[in-house]
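Structure assessment
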Amino acid sequence: MIIENDGDDAPGTTALLARALQFGDSMFPIGGFSFSSGLESAIQKSVVIDAATLREFTRTAVEQAARGDGIALIAAHRAAAAGDVDALTRVDSQVYARKLSDEARAMSVRMGKKFTEMGVEVVGAPLLRAWRHCIETSVSPGCYPIALAINFAAQGLPARQAFVVHQYGVAATILGAALRLMKVSHIETQKILYELAGQSEGMYATAAAARLSDMAGFAPLTEILAAVHTRAHVRLFMS
């Protein structure tokens, strides 16, 4: 009998990968499907009109996420690995402060709270319970990237995987909404997702080397579209 060596680094790698996939699944029940991350307004205002402009819109969103939430996620993962709840609340407050629109704040805290609650029920780690308490008692707003970082750290999953899951989620949320909002095919959206996934390594390296103060969310068009969305007469999505 021939036993193949598939290059696993250590026992248990398969289970860790499966859990990363579970908590990174775009269908994980935290309500992500309710948001379009500004795409709905972008289509209504003809900023996105076809696959090419959808690609550019999604790429910009992913790059913005890496420079903002991605940096915070890595910092939060380090704090969570050290069990430093005070540091987690500081990182969380800085993420929340950089969400300029009401919809962006609502999206992040709603998904973050639900992700934390699901983590408590499924994983049950003490740090997750402590973070849920911080959210429930309004000690911290509980933004999604922080919840993701804590969940992965509690499971022994690396910051790199948490970052990739976060970036994938940003792209998948927008592209999933695109399939419901405009004339675009699954093939076109998968091509965009495939291309953006190939940029994750470089984005992670940049974010991991950055300081928390380097977080930047400058995206004026995105903020304008968010403002427009709050006044829209017809809305399919919450952002």
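Everything numeric here is computed off the predicted structure, so don't read it as measured data. (Residues numbered from 1 in each chain as written. Predicted model: local features only at pLDDT ≥ 70, side-chain atom pairs only at ≥ 80, totals over all residues. Heavy atoms only, no water.)

**Re a nonpolar patch on the surface**
There is a patch of nonpolar side chains on the surface, built from V47, L221 and I224 and spanning about 240 Å² of accessible area. Structurally, I224 is set in helix α12 (residues 220-230). (Patch = residues over 30% accessible without salt bridge, like charges linked within 9 Å, V, L, I, M, F, W, Y side chains within 5 Å. Areas by Shrake-Rupley, 256 points an atom, 1.4 Å probe, with all protein chains shown as cover. Salt bridge = Lys/Arg side-chain N within 4 Å of Asp/Glu carboxyl O. Helix = DSSP H or I, 4+ residues; strand = E, 2+ residues; numbered from the N terminus.)

**Considering helix α8 (residues 144-154)**
Helical geometry note: an α-helix holds 3.6 residues per turn, so side chains three or four residues apart project in the same direction. Of all the 11 residues making up α8, 10 are buried; the element is thus mostly covered by neighbouring parts of the structure. Turning to α8, its buried residues are Y144, P145, I146, A147, L148, A149, I150, N151, F152 and A153. On the buried face of α8, the contacting elements are α1 (13-24), α4 (69-81), α5 (85-97), α6 (102-122), α7 (126-136) and α9 (159-181). (Buried < 20%, exposed > 50% of the residue type's maximum accessible area, 1.4 Å probe, protein only. Contact = heavy atoms within 4.5 Å.)

**A word on the packing of α4 against helix α11 (residues 200-209)**
Interhelical geometry of α4 versus α11 gives an angle of 65 degrees and a closest axis separation of 8 Å. Every pair of crossing elements has a handedness; the one defined by α4 and α11 is right-handed. Judged by residue contacts, G70, I71, I74 and R78 of α4 engage Y204, A207 and A208 from α11. By residue class, the composition of the contact of α4 with α11 is five nonpolar, one polar and one charged. (Axes fitted to C-alpha atoms, helices over the stretch in contact; angles between N-to-C directions. Left-handed = near helix turned anticlockwise from the far one by under 90°. Nonpolar A, V, L, I, M, F, W, Y, C, P; charged D, E, K, R; others polar.)

**A short note on the pattern of salt bridges**
This structure, assessed with the given rule, holds 10 salt bridges. Note that D102 is salt-bridged to R105, the shortest N-O span being 2.2 Å. Residue D102 and its partner R105 are both found in helix α6; the two are separated by three residues, about one turn of the helix. Linked through salt bridges whose partners overlap, the residues forming this network are R55, E56, R59, E63 and E195.

**Topic: unusual backbone geometry**
One non-glycine residue, S37, lies in the positive phi region at around 55 degrees. With respect to the element layout, S37 can be found in the loop between α1 and α2 (39-44). Take S37: its relative accessible area is 25%, and that puts it in the partly exposed class. The phi torsion at S46 lies on the positive side, around 60 degrees, for a residue other than glycine. Structurally, S46 can be placed in the loop between α2 and α3 (51-67).

**Quick notes on the packing of α6 against α8**
Pairs of packed helices are described in terms of their axes, by the angle between the two and the distance that separates them. In contact at an axis separation of 7 Å, α6 and α8 are set at 20 degrees when each is read in the N-to-C sense. Classified by the interaxial angle, the pair formed by α6 and α8 is roughly parallel. Across from S108, M111, G112, F115, T116 and G119 in α6, the residues of α8 making contact are Y144, P145, A147, L148 and N151. Grouping the constituent residues of the contact of α6 with α8 by class yields six nonpolar, five polar and no charged. (Parallel < 35°, antiparallel > 145°, perpendicular 65-115°, else oblique.)

**Side note on the packing of aromatic side chains**
Summed over the entire model, instances satisfying the criterion amount to three aromatic pairs. Relative to F115, the ring of F23 has its centre 5.9 Å away and its plane inclined at 70 degrees; by these criteria the two rings are edge-to-face. Highlighted residues: F23 in helix α1 and F115 in helix α6, separated in sequence by 92 residues. As far as the burial class goes, F23 and F115 line up, both buried. With a centroid separation of 5.5 Å and 90 degrees between ring planes, the pair formed by F115 and Y144 is classed as edge-to-face. Taken together, the residues F115 in helix α6 and Y144 in helix α8 connect sequence positions 29 residues apart. Accessibility assignment for this pair places F115 and Y144 in one class, buried. (Phe/Tyr/Trp six-rings, centres within 6.5 Å; stacked < 30°, edge-to-face > 60°.)

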